[in-house]
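Examination of the molecular architecture
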Amino acid sequence: MAELLVLGIESTAHTFSCSVVRKGRKGEILSNVNSVYRPEKGGIHPREAARHHTAVAPEVLKECLDAARVGIGELDAIAYSAGPGLGPCLRVGAVVARALAYRYGKPLVPVNHAIGHIELGRLLTGAKDPVVLLVSGGHTAIACFGSRRWRVFGETLDLTIGQLLDQFGRAAGFPSPSGPLIESLAKRSDRFIDLPYVVKGNDVSFSGLLTAAKKLLSKEPLEDVCYSLQEVAFSMLTEVTERALAFSEKGELMVVGGVAANERLRSMLEFVAEEQGAELKVVPKAYSGDCGAQIAWTGALEFEAGISVPVDEAFVRQDWRFDRVEVCWSS
Amino acid sequence: MLELVRLVKKGAEASVYFASWFGEPAIAKVRFPKAYRHEKLDRRIRVSRTSSEAKFIREAREAGVPTPLIYFVDLKNTAIVMQYVDGPRLKDVLSPDTVGLCREVGRLLARLHAHGIVHNDPTTSNFILHKGRLVMVDFGLSIHSERLEDRAVDLHLLKEALAGGHSDIAPKAFSEALSGYSEVLGEGAKASVVRRVADIERRGRYA
Ligand SMILES: Nc1ncnc2c1ncn2[C@@H]1O[C@H](COP(=O)(O)OP(=O)(O)O)[C@@H](O)[C@H]1O
Ligand SMILES: [Mg+2]
């Protein structure tokens, strides 16, 4: 198969990003340009995020193509994140992708955002058949591949880990996303305060933990609350991950999504990977958060397998679960 | 006196030993420390799971759900010694021919729910087929609750376990379980719990 050049457009939540990848026998990220919407106060407002995306789209696209030294005419396909995500944000990415596809007569490839995290993780870590821990603002799930689909082994019953950290951070007056600040404050403490730890089967629940941690804010030193929150939340994830490793007997554990950047989570996972005889593979920090490269790369895999949609059938699906996607490409 | 004979299963959470308790065949379930979590948290989790497992195994039996007899609880070493239940796990015998066993699974869950207990880990490895009857184990995550949400999570977990371990017969197996559930708790209770299960599955992660 000849080399492919694919543009990917990511716009599911707070990040608008474009990337060009080249797929020959191997994959190569030629460029990846992110613009993150950061609300001054409070959480993400979908419509304001969408306004941000619309405003920055032309510039991000141009910068991405320039950095890759690729003209739109040279592209083989245009991929966009079709879901899951925030409706207004998703529509911005889809509109840009459709317009380019129509104007330049390029095939259009819809990509599931979560599958994007997983496929990019595999490209960058070299994982072949891992247990995947996907930890981000949009997802908290543990999955293994089997019979053409990603099978969810366990997931959150309410909040995602990213929502837990951000909503806690908002209550503490932190800027969003709050994960990095919580992590750095937690490093200054080792005083553990009891907080609700809720595992049900292979699923986790964070809502009780969030409520209790917010209540502690007015009573205990901030570092100690951050530390305890991280300890409890990450222990829950680690416990369920260990169960998935023991059950599936797979030899690799791959961690993807924005929260993969957290060092404390990583060190906990190192313990269970070792205990269960699996190799820990963590997506590099630069690509752990939402980015165009995850869409471009997965789009290239899909396009090579013959997937594309006509411009007038390009869809977005806010609640597109990644375990519903039939994986008919090989990577 | 307790004598550990051999390791039966080294699980992610606990190790299960075949043992002998004053000459009776027994099972010793021991929760060992986990080095990845804070010592205080680790201790708290192991102690609370050990003590609630023993408590709920007893309560479940009072609710009419067969469970092993508890011989001894050692909170210091977070270990439980209980009656050995001879037989295969439901996981190892469930097939298109035996899918009817899932009706009993539904009945047992309903009996727990009727008595205000939610199991919280009803997988097919946690039922042992003993002399034609299902015996339920692994109550470490169980809670007292009468909330619809918690009951629905129980059924959602069963559904997940069936889909994960028995994908060929999962829909049939789950509908058998629901029939058993409604035999005990009635059609109305079944219908509302089924609706909530659908809710849980649909829950938009961005909502
Ligand atoms: N009382 C018992 N008699 C016989 N086998 C048992 C008994 N309790 C547990 N087992 C076996 O050990 C396995 C693991 O025990 P379980 O309590 O489910 O622990 P885990 O939390 O590791 O799943 C069960 O699936 C079952 O096969
Ligand atoms: Mg078990």
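Conventions and cut-offs
- Residues numbered from 1 in each chain as written.
- Chains lettered and ligands numbered in written order.
- Predicted model: local features only at pLDDT ≥ 70, side-chain atom pairs only at ≥ 80, totals over all residues.
- Heavy atoms only, no water.
- Helix = DSSP H or I, 4+ residues; strand = E, 2+ residues; numbered from the N terminus.
- Near = heavy atom within 4 Å.
- Polar contact = N/O pair within 3.5 Å; in protein donor to acceptor, adjacent residues only side chain to side chain.
- Areas by Shrake-Rupley, 256 points an atom, 1.4 Å probe, with all protein chains shown as cover.
- Nonpolar A, V, L, I, M, F, W, Y, C, P; charged D, E, K, R; others polar.
- Domains from an automatic or database assignment.
- Donors = N, O, S within 2.8 Å, 3.2 Å for Na, K, Ca; no water.
- Buried < 20%, exposed > 50% of the residue type's maximum accessible area, 1.4 Å probe, protein only.
- Contact = heavy atoms within 4.5 Å.
- Buried area = accessible area lost by both parts, 1.4 Å probe.
- Salt bridge = Lys/Arg side-chain N within 4 Å of Asp/Glu carboxyl O.
- Expected span 1.5 Å × (residues − 1).

**Observations concerning unusual backbone geometry**
A cis amide bond links A:Gly83 to the next residue, A:Pro84, at an omega of -5°. Inspection of the secondary structure assignment puts A:Pro84 in the loop between strand 4 (77-83) and helix 2 (87-104). Geometrically, the link from A:Ser176 to A:Pro177 is a cis peptide bond, its omega value of -5° lying close to zero. Along the chain, A:Pro177 falls in the loop between helix 4 (161-171) and helix 5 (179-186). The backbone phi angle of B:Thr78 is positive, close to 40°, even though this residue is not glycine. Looking at the secondary structure, you find B:Thr78 in the loop between strand 4 (70-74) and strand 5 (79-83). The backbone of B:Lys131 shows a phi angle near 50°, a positive value even though the residue is not glycine. Tracing the chain through its elements places B:Lys131 in the loop between strand 7 (127-130) and strand 8 (133-136).

**Comments concerning the site of ligand 1**
Residue and element names in this part refer to chain B. Inspection of the region around ligand 1 gives 16 residues, with Lys29, Gln83, Val85, Ser125 and Asn126 positioned closest. Between ligand 1 and Lys9 there is a distance of 2.9 Å, counted from an oxygen atom to a side-chain nitrogen or oxygen. Asp138 places a side-chain nitrogen or oxygen 2.9 Å from an oxygen atom of ligand 1. Considering ligand 1 on its own, with 550 Å² of exposed area, one finds that the protein chains cover 89% of that surface. Mapped onto the shell around ligand 1, the elements with two or more residues apiece are strand 3 (24-30) and strand 5. Counted by class, the shell around ligand 1 contains 8 nonpolar, 3 polar and 5 charged residues. Two domains each provide a minimum of three residues to the shell around ligand 1, namely domain 1 (2-83) and domain 2 (90-206).

**Section: the coordination of the magnesium ion (ligand 2)**
All names here are of chain B. In the first shell of the magnesium ion (ligand 2), the protein supplies Asn126 (OD1) and Asp138 (OD), at 2.1 to 2.2 Å from the metal. Taken together, the residues span a long stretch of sequence, with Asn126 in the loop between strand 6 (117-118) and strand 7 and Asp138 in the loop between strand 8 and strand 9 (143-144) at a distance of 12 residues. Exposure class is identical for Asn126 and Asp138. Each is buried.

**A short note on the domain arrangement of chain A**
All names here are of chain A. One can read the domain layout of chain A as domain 1 (4-117 + 288-324) and domain 2 (129-286). Taking only C-alpha atoms into account, the centre of domain 1 sits 27 Å from that of domain 2. At the interface, 15 residues of domain 1 touch 20 residues of domain 2. Where domain 1 abuts domain 2, roughly 1,400 Å² becomes buried across the two surfaces, and 58% of that area is made up of carbon and sulfur atoms. When the buried surface of domain 1 facing domain 2 is broken down by residue, His117, Ser288 and Phe322 rank first, second and third, together holding 43% of it. Joining domain 1 to domain 2, the criterion identifies 1 salt bridge. A salt bridge links Glu155 to Arg321; its shortest N-O distance comes to 3.4 Å. On the surface where domain 1 and domain 2 come into contact, there are 5 residue pairs in polar contact (both at pLDDT 80 or more). Here the side of domain 1 that touches domain 2 is built from residues that sort into 5 nonpolar, 6 polar and 4 charged.

**Remarks on helix 3 (residues 101-114) of chain B**
Counted at 1.5 Å a residue, the expected span for helix 3 of chain B with its 14 residues is 20 Å, and the 20 Å between its end C-alpha atoms agrees. Downstream of helix 3 of chain B by one or two residues, B:Gly116 has phi in the positive range, about 75°.

**Focus: the interface of chain B and chain A**
Frequently, the measure chosen for interface size is the accessible area removed from exposure when the parts meet. With 29 residues of chain B at the contact, the number on the chain A side is 40 residues. Of the roughly 2,900 Å² buried between chain B and chain A on both sides combined, carbon and sulfur atoms contribute 51%. If you look at where chain B meets chain A, you find 5 salt bridges. For B:Lys10, the salt bridge is made with A:Glu275, and the minimal N-O distance between the two is 3.2 Å. Inspection of the chain B/chain A interface yields 10 residue pairs in polar contact (both at pLDDT 80 or more). Counting only elements with at least two residues in the side of chain B that touches chain A, the list comes to helix 1 (39-62), helix 4 (148-165) and helix 6 (187-202) of chain B.

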